[in-house]
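Each chain, written out:
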Amino acid sequence: MKVAIIGQGYVGLTIAAFAAEFYHVIGFDTNPDVVENLNQGISHIEGVESSLLSKRISERRYVATTSASDISNSDIVVIAVPTPLTKDRKPDLSFIESACRTIGENIQSSTLVINESTSFPGTVRNYIKPMIEKYSNTQTQHLYAISPERVDPGRGDFNQRNTPRLYSGLTPEATARTREFYSKFCDHLVEVSSPEVAEAAKLFENTFRQVNIALVNEFAQISNALGVNVYETLNAANTKPYGFMKFTPSAGVGGHCIPVDPTYLAAIAEEHGAPSSFIRLANEVNLEMSEYIVRRVSEDNGGSLKGKSVLVVGVAYKPNVADVRETAAELVIQHLRNQGAVVSWHDDVVGNWKGESSAPLQGADVAVVVTKHDSVDEKRILASATYVFDTTGKVKGAKGL
Ligand SMILES: NC(=O)c1ccc[n+]([C@@H]2O[C@H](COP(=O)([O-])OP(=O)(O)OC[C@H]3O[C@@H](n4cnc5c(N)ncnc54)[C@H](O)[C@@H]3O)[C@@H](O)[C@H]2O)c1
């Protein structure tokens, strides 16, 4: 069985690594550097070991390619391309369209097409299927399904095998074949009655997190205004054995999913005349958190950061990964620079970012901890500046939310 996976990033490569134990996998990606490295057995994704990749390559069970024609004769095609927002924060399906074109132009015989990219309800039925048919030069009818990805890169306890996976096809045959495909490497498959339910569930999962993160971020501001310790209060609330789930405050939300996916839900809601006020407001509160933090830091430092050397500690969007997509550190740095601070950043997990390199963890007037990787020592953070503000709640002895 030949499986083509379109997009070899966090999602696509993770699926490829698991699927290659059971299928012949072709990883198609438009980025030649990614493909070249993968074919040398070098993984760029946390959770996919280079040694496993090399093993699959030597067993001839995995190959990466930039050549679209290599995906012809595939029995299954999985779409795992980005679904970002446009500059004016609208869903950007251009990568999906490009993947559909690759499939339409290169796959001649009937294939199962599964979408793993996150998008709004109706994407498989109303967008992917017609788009592939538009680009196809045959009358071939493919099977279509969705199985939204829930991978949490860098996480040890949940992976492809033990994370329950939702799925549904446009037809019973598509549903059955999708179940058969994933059942080899996923222990908990959850069938839902339509692709739209699976698509909506994925968006709601991330919206639930976005809204609760915004709520706790607002609560951190309320707690500070009242002189109440937010962490102690959250721990106290968390002793309730039911009806409460603890979220912790931060400099904002980052990553590909939480700041982006809820906007897909808001967009489709508004298109159908339904409200999306929570989603829009949560987005605002999370985006404003960086400004609030810089204001607090400035107030603690005599009301001005002009000319002060400020070190931002941790620029990845979450601990122990090198991913900087939509990181809250970007806005924190921007607000610090707007205040006239001389900003550098330290993050040896990220290394290089936006043409700058990780600075030494020492010698600053002010340090602002945005992300605390396990490998970064608390004492070294405290010693890195005269004043340290911690947005993570992990650096004891620092000022914080
Ligand atoms: N990263 C996560 O934690 C995560 C979790 C769940 C769902 N998702 C969703 O999965 C999808 C993919 O996200 P990701 O994090 O893997 O993205 P990514 O940026 O890590 O990888 C995407 C890859 O697709 C390639 N690509 C872009 N256009 C292409 C095309 N037309 N043909 C072939 N390759 C193409 C890029 O070069 C890149 O290597 C998104 O919809 C995202 O929302 C991501």
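Up top you'll find the structure we're talking about.
As a starting point, this report considers the structure included with it. (Residues numbered from 1 in each chain as written. Predicted model: local features only at pLDDT ≥ 70, side-chain atom pairs only at ≥ 80, totals over all residues. Heavy atoms only, no water.)

## What about the sheet that holds strand β8 (residues 189–191)?
Logical step 1: Strands sit in the order β3-β2-β1-β4-β5-β6-β7-β8 across an open sheet of eight strands; the sheet is mixed. With partners counted over all chains shown, the strands left at the sheet margins are β3 (62–65) and β8, one partner each. Within this sheet the neighbouring strands show an average axis-to-axis angle of 25°, counted without direction.
Logical step 2: Bridging between strand β1 (residues 2–6) and strand β2 (residues 24–28) involves five bridges; their strand directions are parallel. (Pairing = 2+ DSSP bridges. Helix = DSSP H or I, 4+ residues; strand = E, 2+ residues; numbered from the N terminus. Axes fitted to C-alpha atoms, helices over the stretch in contact; angles between N-to-C directions.)

## Topic: the pattern of salt bridges
Logical step 1: Counted according to the given criterion, the structure contains 17 salt bridges.
Logical step 2: Residues Arg125 and Glu196 are paired through a salt bridge, measuring 2.7 Å at the closest nitrogen-oxygen approach. Linking Arg125 in helix α5 (residues 123–135) with Glu196 in helix α7 (residues 195–226), this pair joins segments that are 71 residues apart in sequence.
Logical step 3: For Arg125, a relative accessible area of 36% gives the class partly exposed. (Salt bridge = Lys/Arg side-chain N within 4 Å of Asp/Glu carboxyl O. Buried < 20%, exposed > 50% of the residue type's maximum accessible area, 1.4 Å probe, protein only.)

## Digging into the nonpolar core
Logical step 1: Judged by nonpolar contacts, the single largest core of 35 residues is most densely connected at Ile293, Val297, Val312, Val315, Val332, Leu336 and Val368.
Logical step 2: Sorting the residues of this core by element identifies α7, α8 (230–237), α10 (277–300), β9 (309–313), α11 (328–338), β10 (342–346), β13 (364–369) and β14 (385–390) as the ones contributing at least two each. (Core = buried A, V, L, I, M, F, W, Y, C linked by side-chain atoms within 4.5 Å.)

## Notes on a nonpolar patch on the surface
Logical step 1: A cluster of nonpolar residues, Phe219, Ile222, Leu226 and Val228, forms a patch on the protein surface that exposes about 350 Å² of accessible area.
Logical step 2: Relative to the helices and strands, Ile222 is located in helix α7.
Logical step 3: Judged by relative accessible area, which is 41%, Ile222 ranks as partly exposed. (Patch = residues over 30% accessible without salt bridge, like charges linked within 9 Å, V, L, I, M, F, W, Y side chains within 5 Å. Areas by Shrake-Rupley, 256 points an atom, 1.4 Å probe, with all protein chains shown as cover.)

## Re the site of the ligand
Logical step 1: Near the ligand, the surroundings consist of 26 residues, among which Val11, Asp29, Thr83, Ser98 and Thr118 are the closest.
Logical step 2: Here a nitrogen atom of the ligand and a backbone polar atom of Thr30 are 3.5 Å apart.
Logical step 3: A distance of 2.9 Å is found between an oxygen atom of the ligand and a backbone nitrogen or oxygen belonging to Thr118.
Logical step 4: In isolation the ligand has 830 Å² of accessible area, and contact with the protein removes 91% of it.
Logical step 5: Ranked by residues supplied to the shell around the ligand, first place goes to helix α4 (residues 94–106) with three residues.
Logical step 6: Looking at the shell around the ligand residue by residue, the classes come out as twelve nonpolar, ten polar and four charged. (Near = heavy atom within 4 Å. Polar contact = N/O pair within 3.5 Å; in protein donor to acceptor, adjacent residues only side chain to side chain. Nonpolar A, V, L, I, M, F, W, Y, C, P; charged D, E, K, R; others polar.)

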